[in-house]
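Next come the chains, spelled out residue by residue.
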Amino acid sequence: MRYRKQLLHRAACAGATLGLALSLAFAGKPAAAASAPGKSITSPCRIEGMPNELQCGSIQRPLNPADPAGTQISIHFLVVPAMARNKQPDPVLMLAGGPGQSAIAVAPMVMSRLARLNNRRDIVFIDQRGTGKSAPLQCADERELPFEQALDASAQLKRLETCRQDLAKLAHGDLRFYSTTIAMQDFEAVRVALGAAQWNLIGGSYGTRAGLEYLRLFPAQVRRTVLDGVAPPDMVLPASFSTDGQAALDASLRACEKEPACAQQFPQLRQQWAGLLHSMPRQLSVKHPLTGQDERFTLSRDMLLRSVRLPLYAPALASALPAAIHAAGEGRFESLMGLSGALASSKSSRLAMGMHFSVVCAEDVPRLDKAGDPPGADFGRGDAQLYTQVCKDWPRAQIADEFFSMPPATSPVLLLSGGADPATPPRHGDRAAKALAAANPKLVQHIVVPEAGHGVMGVGCMRELLFRFIDAKTDALALPQDAACASKIPRPGAFLPVQASKGQQP
């Protein structure tokens, strides 16, 4: 119990964030405004976790852009007003991850990182269609599911099929109209309705793909762009999961081998991990970290792999993997199971899975056969197979070929990558940076924080760097930014539990 409390405390201190059709005839055309520019479309509101009164609003948008008189949906957004009276005219738009995350739900978590920007700029959070309050495509909450159901792929397939059938019954349940392209036209309509001539984009994870698509469609409306944890449109998510997850897991094991104290306490870590994989399936009896209920179930190889993936997103959690793997090798799985649920337990981390699969089934899965990402030695093709099965009957948008391109940037773009990121490591940022810089390399900079995980804008000095980039008066002053401070941020040392006395359990 003491060991588990230490792990949960470390997870709480991590501050990690988690976290992807318009017809050809409509692609790239300006979005129609919901109301006249300059007219107030917001009203005072309160958001849980935010101390001050804010401004909330919504606009009406057609579910199907090709049928403007058809079914309408409400796109909800939040404006955190600038603190100073003489505010700048260009707001900051935060694009959430997932795909499937509610931007408004994550606002309390990210505002501390944007506090200085908020002094003179409004911060805008839009619930992308399918998330939050914007025509939500939410499946049942799975955060407190028993382990056997939560980690079992076959059980998940059944739940998703039930969810798909339920979503189809909704007035807004035509899943063909939840692509990134259509969503970015919604965002453009919000910009017009707010009366902002331009705004600054900050996207995280899938939000970087959304930001790149907005840049492609509406380049003149963007002043500056920050892409944190780059997931470009040519990235095939189910395939890259395996490649990048394997690289992050291998790096975590190597880090323990290079750290004397970790190597001394866990000298056979790789062999223990290989032994765990080989021993699957096996019967377990553990306490659920959220419900506290004793659970007995059969742990499969796929379940084991899923349990180590999420901790890799946050180095502070990944630092506890050696101890958790060692304990599991000795038959004690509580720590490993606790780590697997540490990032998924918060309300803001919950994804609208109907929107998630509507995006991935349209934009990624059709390109799986052409993906060049080699499967990881441990992770294999499990994720690709799961997504292929889910997407087999999932209605999908028609995606324009142009969506998968990244035209040269016409305004400054700052790309951020974590070297230890298991989902969007630097190789994807490198590819996006090369495409964006094709016409003018001075407009693009890719910063890699070697020991950071998924999402780096909240790490150390990166908040100040982000502010300097957006606040710079001219494009020439915006880039390049000096990121030397970030390159020196170390990987957290391995979590070494206090050694129990003989006969005691840690």
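For the structure, check the block above.
Since the model is a prediction, treat every value here as computed from it, not as a measurement.

Quick word on the overall build of the chain
- Helix and strand counts for the chain come out as 19 helices and 11 strands.
- When each of the 506 residues of the chain is scored for burial, the buried share is 56%.
- With the model as given, the accessible surface of the chain reaches about 21000 Å², and the carbon-plus-sulfur share is 53%.

Some thoughts on the sheet that holds strand 1 (residues 42–45)
- Across the sheet, 9 strands lie side by side as 1-2-3-5-4-6-7-10-11; this open sheet has mixed pairing. The sheet is open, and its two edges are formed by strand 1 and strand 11 (444–449), each paired on a single side. Taken over all neighbouring pairs, the strand axes of this sheet differ in orientation by 25° on average, direction set aside.
- Pairing geometry for strand 6 (residues 199–204) and strand 7 (residues 222–228), over 5 bridges, is parallel.

Let's talk about the pattern of salt bridges
- Applying the stated criterion across every chain, the model contains 23 salt bridges.
- Residues aspartate 186 and arginine 129 are paired through a salt bridge, measuring 2.6 Å at the closest nitrogen-oxygen approach. With aspartate 186 in helix 5 (residues 180–194) and arginine 129 in the loop between strand 5 (123–126) and helix 3 (147–151), the pair connects residues that are 57 residues apart, well separated along the chain.
- A salt bridge links aspartate 166 to lysine 169, with the nearest nitrogen and oxygen atoms 4.0 Å apart.

Points about the packing of aromatic side chains
- Enumeration over the complete set of coordinates arrives at 6 aromatic pairs.
- The interplanar angle of 45° and the centroid separation of 5.7 Å between the aromatic rings of phenylalanine 357 and tryptophan 394 together place this pair among those described as tilted. Here phenylalanine 357 is found in helix 14 (residues 353–363), whereas its partner tryptophan 394 is found in the loop between helix 15 (382–391) and strand 10 (413–418), with 37 residues between them in sequence.
- Of the residues examined, tryptophan 394 reaches a relative accessible area of 4% and is grouped as buried.
- Each ring, one from phenylalanine 403 and one from phenylalanine 404, has its centre 5.1 Å from the other, and the planes form 85°; the classification is edge-to-face.
- You can call phenylalanine 403 buried: its relative accessible area is 2%.
- The partly exposed category is assigned to phenylalanine 404, whose relative accessible area is 22%.
- Chaining the aromatic ring pairs together yields one cluster made of Phe241, Phe357, Tyr387 and Trp394.

Looking at the nonpolar core
- One finds Ile126 and Leu415 to be the most contacted residues of the largest nonpolar core, which totals 69 residues.
- Tallying contributions element by element places helix 5 first for this core, with 7 residues.
- Each residue touching leucine 415, except ones within four places of it in the same chain, is listed here: Leu227, Val230, Gly429, Ala432, Ala433, Leu436, Val444, Gln445, His446 and Ile447.
- Grouped together as the second largest cluster of nonpolar side chains are 39 residues, Met50, Leu78, Leu114 and Ile123 included.

Topic: unusual backbone geometry
- Following methionine 280, the chain continues into proline 281 via a peptide bond in cis, with omega recorded as 0°.
- In this structure, the amide linkage connecting leucine 479 to the following residue, proline 480, adopts the cis form with an omega of 0°.
- Examined against the element boundaries, proline 480 turns out to sit in the loop between helix 18 (475–478) and helix 19 (484–487).
- Even without a glycine there, the phi angle at serine 205 is positive, about 60°.

What about the state of the cysteines?
- Scanning the entire structure with this criterion turns up 5 disulfides.
- Each disulfide pairs two cysteine sulfurs, and for cysteine 461 the partner residue is cysteine 485, the sulfurs being separated by 1.8 Å. Measuring the twist about the S-S bond at about 90°, one finds the cysteine 461-cysteine 485 disulfide to be right-handed. A residue pair is termed long-range when its members are at least 10 positions apart, and cysteine 461 in the loop between strand 11 and helix 17 (462–471) and cysteine 485 in helix 19 qualify at 24 residues.
- The partly exposed category is assigned to cysteine 461, whose relative accessible area is 23%.

A few points about helix 7 (residues 237–258)
- For helix 7, spanning 22 residues, the distance from its first C-alpha to its last is 31 Å, which sits close to the expected 32 Å at 1.5 Å a residue.
- Of all 22 residues in helix 7, 16 are buried, a share of seventy percent or more.

Things to note about the environment of isoleucine 75
- Tracing the backbone through its elements, the reader meets isoleucine 75 in strand 3 (residues 72–80).
- Classification of isoleucine 75 by relative accessible area gives buried; the value is 0%.
- Excluding anything up to four places from it in sequence, isoleucine 75 contacts Gly57, Ser58, Ile59, Arg61, Ile126, Asp127, Arg129, Ser134, Asp186 and Val190.

What to know about the side chain of serine 358
- Mapping serine 358 onto the fold places it in helix 14.
- For serine 358, the side chain forms a polar contact with the side chain of tryptophan 394, separated by 3.1 Å.
- Apart from the residues within four sequence positions on either side, serine 358 is in contact with Leu137, Leu175, Tyr178 and Trp394.

A short note on the packing of helix 14 against helix 15
- Contact geometry of helix 14 with helix 15 gives a least axis separation of 10 Å together with a crossing angle of 100°. Here helix 14 is positioned roughly perpendicular relative to helix 15, judged by the angle of their axes. The residues of helix 15 that touch helix 14, namely those facing His356, Phe357, Val360 and Cys361, are Tyr387, Val390 and Cys391.
- Its residues assigned to classes, the contact of helix 14 with helix 15 shows 6 nonpolar, 1 polar and no charged.

What counts as what
- Residues numbered from 1 in each chain as written.
- Predicted model: local features only at pLDDT ≥ 70, side-chain atom pairs only at ≥ 80, totals over all residues.
- Heavy atoms only, no water.
- Helix = DSSP H or I, 4+ residues; strand = E, 2+ residues; numbered from the N terminus.
- Buried < 20%, exposed > 50% of the residue type's maximum accessible area, 1.4 Å probe, protein only.
- Areas by Shrake-Rupley, 256 points an atom, 1.4 Å probe, with all protein chains shown as cover.
- Pairing = 2+ DSSP bridges.
- Axes fitted to C-alpha atoms, helices over the stretch in contact; angles between N-to-C directions.
- Salt bridge = Lys/Arg side-chain N within 4 Å of Asp/Glu carboxyl O.
- Phe/Tyr/Trp six-rings, centres within 6.5 Å; stacked < 30°, edge-to-face > 60°.
- Core = buried A, V, L, I, M, F, W, Y, C linked by side-chain atoms within 4.5 Å.
- Contact = heavy atoms within 4.5 Å.
- Disulfide = S-S within 2.5 Å.
- Expected span 1.5 Å × (residues − 1).
- Polar contact = N/O pair within 3.5 Å; in protein donor to acceptor, adjacent residues only side chain to side chain.
- Parallel < 35°, antiparallel > 145°, perpendicular 65-115°, else oblique.
- Nonpolar A, V, L, I, M, F, W, Y, C, P; charged D, E, K, R; others polar.

These results come straight from atomic positions and should not be treated as a statement about function.
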